Amino acid sequence: QVQLVESGGGLVQAGGSLRLSCAASERLFNYYAAGWFRQAPGKEREFVAAISWSGDHTYYVDSVKGRFTISRDNAKNSVYLQMNNLKPEDTAVYYCAADQKRLLPVTAGDYDYWGQGTHVTVSS
């Protein structure tokens, strides 16, 4: 059982940056694809970005392309989401997830493990 813990959320003004981190409890995480999702109040959970186990492949939702970067450091069992030029519509709880079967899963149902989430609030 892989446990995921997110950190790095907070309050930032529009145009600012945040870096989210996701730390895994097991080295097996290094062989899993990882992704970030977000859920705004009253909305469904939305895919944000995914990265393959090796880090060679990434995929983003159109609304964050050019602003967000997903990366991983397998030596630290961690995945990151660098968020630049943040907008008020990026406000949400951000979740880290891991999938042990697929290369770049984009559907929440594909993921096997989830963190508890970290809050990101972007003020205008």
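This write-up is about the structure you can find in this document.

Rules of the game
Residues numbered from 1 in each chain as written. Predicted model: local features only at pLDDT ≥ 70, side-chain atom pairs only at ≥ 80, totals over all residues. Heavy atoms only, no water. Buried < 20%, exposed > 50% of the residue type's maximum accessible area, 1.4 Å probe, protein only. Helix = DSSP H or I, 4+ residues; strand = E, 2+ residues; numbered from the N terminus. Pairing = 2+ DSSP bridges. Axes fitted to C-alpha atoms, helices over the stretch in contact; angles between N-to-C directions.

### Quick look at the pairing of strand β1 (residues 4-7)
Residues Leu4 and Glu6 point to one face of β1 and are all buried, whereas Val5 and Ser7, pointing to the other face, are not buried. In terms of strand pairing, β1 meets strand β3 (residues 18-24) through 4 bridges, oriented antiparallel. Residue pairing in the sheet places Ser7 in a bridge with Ser21 of β3.

### A look at the sheet that holds β3
The 4 strands lie next to each other as β1-β3-β8-β7, forming an open sheet whose pairing is antiparallel. Lying at the two open borders of the sheet, with one neighbouring strand each, are β1 and β7 (68-73). Geometrically, the sheet is characterised by an average inter-axis angle of 15 degrees between neighbouring strands, direction not taken into account.

### So, unusual backbone geometry
Even without being glycine, Asn77 reaches a positive phi, approximately 50 degrees. Take Asn77: it is sitting in the loop between β7 and β8 (78-83). Look at Asn85: it is not a glycine, yet its phi comes out positive at around 50 degrees. Using a relative accessible area of 42% as the deciding quantity, one classes Asn85 as partly exposed.

Treat this as a map of the structure, not an account of what it does.
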